[in-house]
Amino acid sequence: MIVQALAFYLFAGIVLASGVMVISSKNPVHSVLFLILAFFNAAGLFVLLGAEFLAMLLVVVYVGAVAVLFLFVVMMLDINFVELRQGFLQYLPIGGLVGLILLIEVLAIVGAWHFAPEAAKAIQVAAPAVGSEITNTQALGLVLYTDYVYVFQAAGLILLVAMVGAIVLTHRRRPGVLSQRVPDQIARRAEESAKTVKVPTGGGI
Amino acid sequence: MVELWDVYIWPAAWIVIKILAIVVPLLVAVAYLTYAERKIIAMMHRRKGPNVVGPFGLLQPFADGLKLFLKETIIPTGANRGVFIIAPCLTFTLAMVAWAVIPFGEGMVLSDINVGLLYLMAISSLGVYGILMAGWASNSIYAFLGGLREAAQMVSYELAMGFIMVCVLLMAGSMNLTDIVMAQKDMWYVLPLFPLAVIFLICILAETARHPFDLPEGEAELVTGYNVEYSSMAFALFFLGEYANMIVMSGMLTTLFLGGWLPIMDVAPLNMIPGPVWFALKTSFVLFFFLWVRATFPRYRYDQVMRLGWKVFLPVTLAAVIIISGVLVATGNAPTIG
């Protein structure tokens, strides 16, 4: 057990430290890199919980795809650091308010856990015990596609709408931009694109 | 005190020994892969290739390694030092940790976890960071363009790879790589899933940024892309990482489609050869393909690389997931729980 405890404090410590670095580091690219470190260590915490499927999914989806796009955008932005620091105080009240609300919510959850343990049990019903016959991938599948199928479909629908929206917003046909059309290229025949001309000597065409 | 030794120290030492038993042969394999690449391409070009250092030039990789080791490490003044140094280490480490779940033989695997396939997926998706970080931290426009190209390319081809992995796990009914290999006992998945195996092969070429998809390096336009500012051991780590990644990806293809450590046929002389030898042979075959492609094809144009990933492979593999699951359910071969 002592190894698990050490691993927990290691992962949790890195998550917290890199979380602090995300908001405090001056260079936005460093912020994103620390965010990635935080995601990765949160995946480690999931493994300690016995939720290895969620851990891997966190790495594949958040670290492997979402954070890459973050990094992409942040790296390509030309950021004025002085201007950035001037804006800090301006946004402090709103940021502080959001932080306060999150803190109260976390306290409410922890409080419920502490004072009403039966509420915590209700959350755990779906999860199989560590080391049982059903792996947690199968356990997730069993509840996701049966009890929660409508919620699952709704989530898929929201993502579809977001995807269609993004495509509609960015994909417009601009005049004067050449693009490759493979079917046109394949459909092209020698007869319609070349002709033989008899050129008289010294005459040219 | 005895308990401390039995419970903590010996198991830890045993794991370290196992890790070394994987990593040391792997590094030797990486060294000789570079030799094999030069020699095979030389044969295809009807040249001699390295033939001076040692018999048949066999000591050439070590001479190269020593040369890189003795060179001066140069960090550009404009570079972001921390990120610049972490990037090659990250690339190299990620190429090594992927081996933790790949089975070399019956029970010969460092960590037999039940989400092995997802682990491989996760590690290969992390590979992009080393290159993106190197490109940005170098503070050079060539390196940055190379890094961006690599990132876009890897993200695009990962989707198709993911769907192909879903097809394999539908057939095997498990994400554990040992189970996937054992499920191929009667028939390697390369036969029923032949088109997907071919797409997977092309995807791993794109994932490792090898020819004909080596646009992130494109020496004609980007010098050598993301690693242009690197020298000495930092460059060597990128180089080793790239080749180790090729071996990981070939090992992955072997495990998923070519029956891992299983012999070609379960008959007398063939099944007496130990599993790791079969695994090495099959992986070498896939690696030969990497080199063969490099000597054969010209480089793709970048928009064509993107088109192939998003408009060809993604729809085809997505359709394959639906068709294969449909066929499995219709024939009653769908995996069951337990």
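Residues numbered from 1 in each chain as written. Chains lettered and ligands numbered in written order. Predicted model: local features only at pLDDT ≥ 70, side-chain atom pairs only at ≥ 80, totals over all residues. Heavy atoms only, no water.

### A look at the overall build of chain A
Selection rule: Strands are runs of DSSP state E lasting at least two residues, helices are runs of H or I lasting at least four, and both sets are numbered from the N terminus onward. The rule is simple: take the accessible area with a 1.4 Å probe, protein chains only, and divide by the maximum for that residue type; under 20% is buried, over 50% is exposed, in between is partly exposed. In what follows, residue pairs with any heavy atoms lying within 4.5 Å of each other are defined as contacts. Only the protein chains shown count as covering a residue, and every accessible area follows the Shrake-Rupley method with a 1.4 Å probe.
Helix and strand content of chain A: 9 helices and 0 strands. Helices and strands appear in chain A in the N-to-C order α-α-α-α-α-α-α-α-α. Across the 205 residues of chain A, 18% fall into the buried class. Considering only residue pairs separated by 6 or more positions, chain A has 56% of its internal contacts joining residues 24 or more positions apart. Element-wise, carbon and sulfur atoms account for 72% of the exposed surface of chain A, whose accessible area totals about 16000 Å².

### As for the packing of helix H3 (residues 52-76) of chain A against helix H5 (residues 141-172) of chain B
The condition is simple: Here an angle of 0 to 180 degrees is reported between the N-to-C directions of two axes, which are lines fitted to C-alpha atoms, with helices fitted over the stretch in contact. An angle below 35 degrees is treated as roughly parallel, one above 145 as roughly antiparallel, one from 65 to 115 as roughly perpendicular, and anything else as oblique. Crossings are assigned a handedness: left-handed for a near helix turned anticlockwise from the far helix by less than a right angle, right-handed for a clockwise turn. In this count, Pro and Cys sit with the nonpolar residues alongside Ala, Val, Leu, Ile, Met, Phe, Trp and Tyr, while Asp, Glu, Lys and Arg are called charged and the others, Gly among them, polar.
One can describe the packing of H3(A) onto H5(B) by two numbers: an axis separation of 11 Å at closest approach and a directional angle of 155 degrees. Considering their axes alone, H3(A) and H5(B) lie roughly antiparallel with respect to each other. In the packing of H3(A) onto H5(B), the handedness of the crossing is left-handed. Between H3(A) and H5(B), the contacting residues are A:Gly64, A:Val68, A:Phe72, A:Met75 and A:Met76 on the first element and B:Phe144, B:Leu148, B:Ala151, B:Ala152, B:Val155 and B:Glu158 on the second. When grouped by side-chain class, the residues that make up the contact of H3(A) with H5(B) number 9 nonpolar, 1 polar and 1 charged.

### A short note on helix H10 (residues 275-296) of chain B
Cut-off, in case you're wondering: Expected span of a helix: the number of residues minus one, times 1.5 Å.
For H10(B), built from 22 residues, the straight-helix expectation of 32 Å at 1.5 Å per residue is met to within 8% by its first-to-last C-alpha distance of 32 Å. Residues B:Gly275, B:Trp278, B:Phe279, B:Lys282, B:Thr283, B:Val286, B:Leu287, B:Phe290, B:Leu291 and B:Val293 constitute the buried set of H10(B).

### Some thoughts on the interface of chain B and chain A
Heads up, the condition is: Put simply, buried area is how much 1.4 Å-probe accessible surface two parts lose in total, over both of them, once they are put together. By definition here, a salt bridge exists when the distance from a side-chain nitrogen of Lys or Arg to a carboxyl oxygen of Asp or Glu is within 4 Å.
Across the boundary between the two partners, chain B contributes 30 residues, which contact 30 residues of chain A. Carbon and sulfur atoms make up 76% of the surface buried where chain B meets chain A, a total of about 2500 Å² over both sides. Applying the counting criterion to the chain B and chain A interface returns 0 salt bridges. For the side of chain B that touches chain A, the secondary structure elements donating two or more residues are helix H4 (116-137), H5 and helix H11 (302-330) of chain B. It is H4(B) that provides the largest number of residues to the side of chain B that touches chain A, a total of 11 residues. For the side of chain B that touches chain A, the per-class residue count stands at 20 nonpolar, 6 polar and 4 charged.

### Points about the pattern of salt bridges
Opposite charge on two side chains makes pairing possible when the charged atoms of those side chains draw close. Residue and element names in this part refer to chain B. Per the counting criterion, the structure on display carries 6 salt bridges over all chains. A salt bridge links Glu 37 to Arg 294, with the shortest nitrogen-to-oxygen separation between them at 2.6 Å. Here the residue Glu 37 occupies a position in helix H1 (residues 2-44), and Arg 294 occupies one in helix H10, the gap between them amounting to 257 residues. Judged by relative accessible area, which is 33%, Arg 294 ranks as partly exposed. Between Asp 303 and Arg 301 there is a salt bridge, and its shortest N-O distance comes to 2.7 Å. The class for Asp 303 is partly exposed, based on a relative accessible area of 40%.

### Let's talk about helix H3 (residues 81-97) of chain B
The first and last C-alpha atoms of H3(B) sit 25 Å apart over 17 residues, in line with the 24 Å expected at 1.5 Å per residue. Three or more residues of H3(B) are buried, namely B:Val83, B:Phe84, B:Ala87, B:Pro88, B:Thr91, B:Phe92, B:Leu94, B:Ala95 and B:Met96.

### Points about the nonpolar core
How we decide: Take the buried Ala, Val, Leu, Ile, Met, Phe, Trp, Tyr and Cys residues and link them wherever side-chain atoms come within 4.5 Å; each set so joined is a nonpolar core.
Of all hydrophobic cores here, the largest spans 115 residues; its most connected members are A:Leu71, B:Trp99, B:Tyr129, B:Phe200, B:Ile204, B:Leu256 and B:Phe257. If you tally residues by element for this core, the top one is H4(B), at 16 residues. Once you skip the residues sitting within four places of it in the chain, B:Leu256 turns out to touch B:Leu117, B:Met165, B:Val168, B:Leu177, B:Ile180, B:Gln184, B:Tyr189 and B:Phe200.

### A word on the side chain of B:Thr34
Residue and element names in this part refer to chain B. Spelled out, the test is: We define a polar contact as two N or O atoms separated by no more than 3.5 Å, with the added condition that, inside protein, one atom must be a possible hydrogen donor and the other a possible acceptor, whereas residues neighbouring each other in sequence contribute only through side-chain atom pairs.
Within the element layout of this structure, Thr 34 appears in helix H1. From its side chain, Thr 34 meets the backbone oxygen of Ala 31 in a polar contact 2.5 Å long. Aside from chain neighbours lying at most four places away, what touches Thr 34 is Pro 61, Phe 239 and Tyr 243.

### As for a nonpolar patch on the surface
Applicable threshold: Note on patches: the residues involved have over 30% relative accessible area and no salt bridge, like charges join within 9 Å, and the nonpolar side chains Val, Leu, Ile, Met, Phe, Trp and Tyr join within 5 Å.
A surface patch of nonpolar side chains, about 860 Å² in accessible area, is lined by A:Ile2, A:Val3, A:Leu6, B:Leu4, B:Trp5, B:Val7, B:Tyr8, B:Ile9 and B:Trp10. Going through the elements one at a time, helix H1 (2-24) of chain A together with H1 of chain B are the ones with two or more residues in the nonpolar patch. In terms of residue count, H1(B) provides more of the nonpolar patch than any other element does, 6 residues in total. We classify A:Leu6 as exposed; its relative accessible area is 60%.

### Quick look at unusual backbone geometry
Residue and element names in this part refer to chain B. Residues His 211 and Pro 212 are joined by a peptide bond in cis, for which omega reads 0 degrees. Within the element layout of this structure, Pro 212 appears in the loop between helix H7 (194-207) and helix H8 (219-222). If you check the backbone angles, Asn 139 has positive phi at about 60 degrees while not being a glycine. By the element assignment, Asn 139 lies in the loop between H4 and H5. Asn 139 gets classed as exposed once you look at its relative accessible area, which sits at 56%. One non-glycine residue with positive phi stands out, namely Ser 232, at about 55 degrees.

### Describing the domain arrangement of chain B
All names here are of chain B. Which entries qualify depends on this criterion: The domain limits used here are those given by an automatic or database domain assignment.
Segmentation of chain B into domains returns domain 1 (1-70) and domain 2 (73-330). A straight line from the C-alpha centre of domain 1 to that of domain 2 covers 19 Å. Listed per partner, the contact involves 19 residues of domain 1 and 22 residues of domain 2. The largest contributions to the domain 1 side of the interface with domain 2 come from Leu 33, Glu 37 and Leu 68, which together make up 32% of the buried area. At the junction of domain 1 with domain 2, the criterion picks out 2 salt bridges. Our count for the contact surface shared by domain 1 and domain 2 stands at 4 residue pairs in polar contact (both at pLDDT 80 or more). Going through the elements one at a time, H1 and helix H2 (60-70) are the ones with two or more residues in the side of domain 1 that touches domain 2. For the side of domain 1 that touches domain 2, the element with the highest residue contribution is H1, accounting for 16 residues. By residue class, the composition of the side of domain 1 that touches domain 2 is 15 nonpolar, 2 polar and 2 charged.

### Structural notes on the confidence of the model for chain B
We count it as follows: A score from 0 to 100, pLDDT tells how confident the predictor is in each residue.
Taken over all residues, the pLDDT of chain B has a mean of 86, while the share at 70 or more is 99%. Within chain B, no element has a lower average pLDDT than H8(B), which sits at 74, and none a higher one than H7(B), at 91.

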